Amino acid sequence: MAGKNATATEVQPKGLSALAGLYSGFGLPRLIIALFLLFLFGVAVVMKMDLTILISDSLVRIGMNGLLVLAMLPTLSCGVGLNFGLPVGVIAGLIGGVTSMNAGLRGFSGFLVAILISVPIAILAGYLYAMLLERVRGEEMMVGTYAGFSIVSLMCVFWLLAPYRNPALIFAIGGKGLRYTLSLSNMFAKVLNNFLAFRVLGITIPTGLLLFFAAFCVLTSLFFKSRGGLAMRTAGANPMFATSSGINVRAMRTTGIVLSTVLAAVGILVYAQSYGFLQLYTAPLYAAFPAVASILIGGATLRNATVGHVVIGTILFHTLLTIALPVTQSAMPGADISEIARMIISNGMILYALTRTERR
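None of these values were measured; they are calculated from a predicted model. (Residues numbered from 1 in each chain as written. Predicted model: local features only at pLDDT ≥ 70, side-chain atom pairs only at ≥ 80, totals over all residues. Heavy atoms only, no water.)

Asks: Lay out unusual backbone geometry in plain terms, naming residues and giving numbers.
Replies: Positive phi, normally seen in glycine, also occurs at Lys 190, with a value near 60°. Positionally, Lys 190 belongs in the loop between strand E1 (181–183) and helix H8 (191–194). For Tyr 281, which is not a glycine, the phi torsion comes out positive at approximately 60°. Among the secondary structure elements, Tyr 281 is positioned in the loop between strand E4 (277–279) and helix H13 (288–297). Residue Tyr 281 is classed as buried on the basis of its relative accessible area of 7%. (Helix = DSSP H or I, 4+ residues; strand = E, 2+ residues; numbered from the N terminus. Buried < 20%, exposed > 50% of the residue type's maximum accessible area, 1.4 Å probe, protein only.)

Asks: Mind laying out the packing of helix H10 (residues 227–237) against helix H12 (residues 249–275), listing which residues take part and the relevant values?
Replies: Where H10 contacts H12, the axes come no closer than 9 Å and their chain directions differ by 110°. When the axes of H10 and H12 are compared, the pair comes out roughly perpendicular. Contact residues: H10 offers Gly 228, Ala 231, Met 232 and Ala 235, while H12 offers Val 249, Met 252, Thr 255, Gly 256 and Leu 259. Of the residues assigned to the contact of H10 with H12, the class counts are six nonpolar, three polar and no charged. (Axes fitted to C-alpha atoms, helices over the stretch in contact; angles between N-to-C directions. Parallel < 35°, antiparallel > 145°, perpendicular 65-115°, else oblique. Contact = heavy atoms within 4.5 Å. Nonpolar A, V, L, I, M, F, W, Y, C, P; charged D, E, K, R; others polar.)

Asks: Talk me through a nonpolar patch on the surface; I want residue IDs and the actual numbers.
Replies: Nonpolar side chains collect at one region of the surface, where Phe 108, Leu 112, Phe 195, Leu 196 and Leu 211 lie side by side and expose about 470 Å² of accessible area between them. Within the secondary structure, Leu 196 is located in the loop between H8 and strand E2 (198–200). (Patch = residues over 30% accessible without salt bridge, like charges linked within 9 Å, V, L, I, M, F, W, Y side chains within 5 Å. Areas by Shrake-Rupley, 256 points an atom, 1.4 Å probe, with all protein chains shown as cover. Salt bridge = Lys/Arg side-chain N within 4 Å of Asp/Glu carboxyl O.)

Put into structure tokens, the structure is as follows:
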């Protein structure tokens, strides 16, 4: 009898320690958000909403925003911090997309040419952006925010004066200046979403979109396991030790910023083909904030960020945004609070995520 009691007291601590290990590994913030997501799904079931549509929309939103969140990883790893200058890369992607549309390219050829045009522009812009941040070392996130705002404002002039002449792109009155929103319906809209897409249990799986995001996650993960990736992480974690080991810290920081800018350029094209529109002028102004919130909710800090944090954060943040709005509208019919609810949820989560940043 005494032996049985002893066994029970030994098993209980082991079970509790396993739960404590799971709790510490997953983290309290992510646990709360995951439980809130389950609660929203429960409300959707009670309100007899179509769960297949909610899950399908969530999968699309995860795929279309994934690369923009992944663009945060190189700058966190090289020690620059969160890339609030993400609009620099977004603008490069928009130039590639508009140029491809102006040439009348459609389908995958239009999408791939847009990427090919945007990547060299992103490399050049990323290099210049890195030179700017190198001059303000220690204030990268604040200066990056203003750099992003500045480039968006400057490009408003470019969109008005750019030498594009495709009638589908320019204002009908006046005959010059690009429109605020350009439809991709006859160009390369949803080329990734529809590639190898299939339905299972009523849920539409955007296979091409998810595979594209997964491929970039794998490539990024392989890079950070390579010699160059490890050198970048070392330069970001301990610059003095990296310098004493023969690592060029400045080159690593520049490489990280350029990689982040290129990922942002490709990411906005993936977002646009899924959304069905290219949005110009002031639309990219706050592009960095949802990406910042996603990777921080995923568990990343200024000292530690991985591809796993990107994937978990993207799933939690964008699934919550996708599910919360229709559930709110269904729970309170007749009250058009969808836009208010979207702002509260989105900005509230960004504020929460930003308060979790650790000081270096």
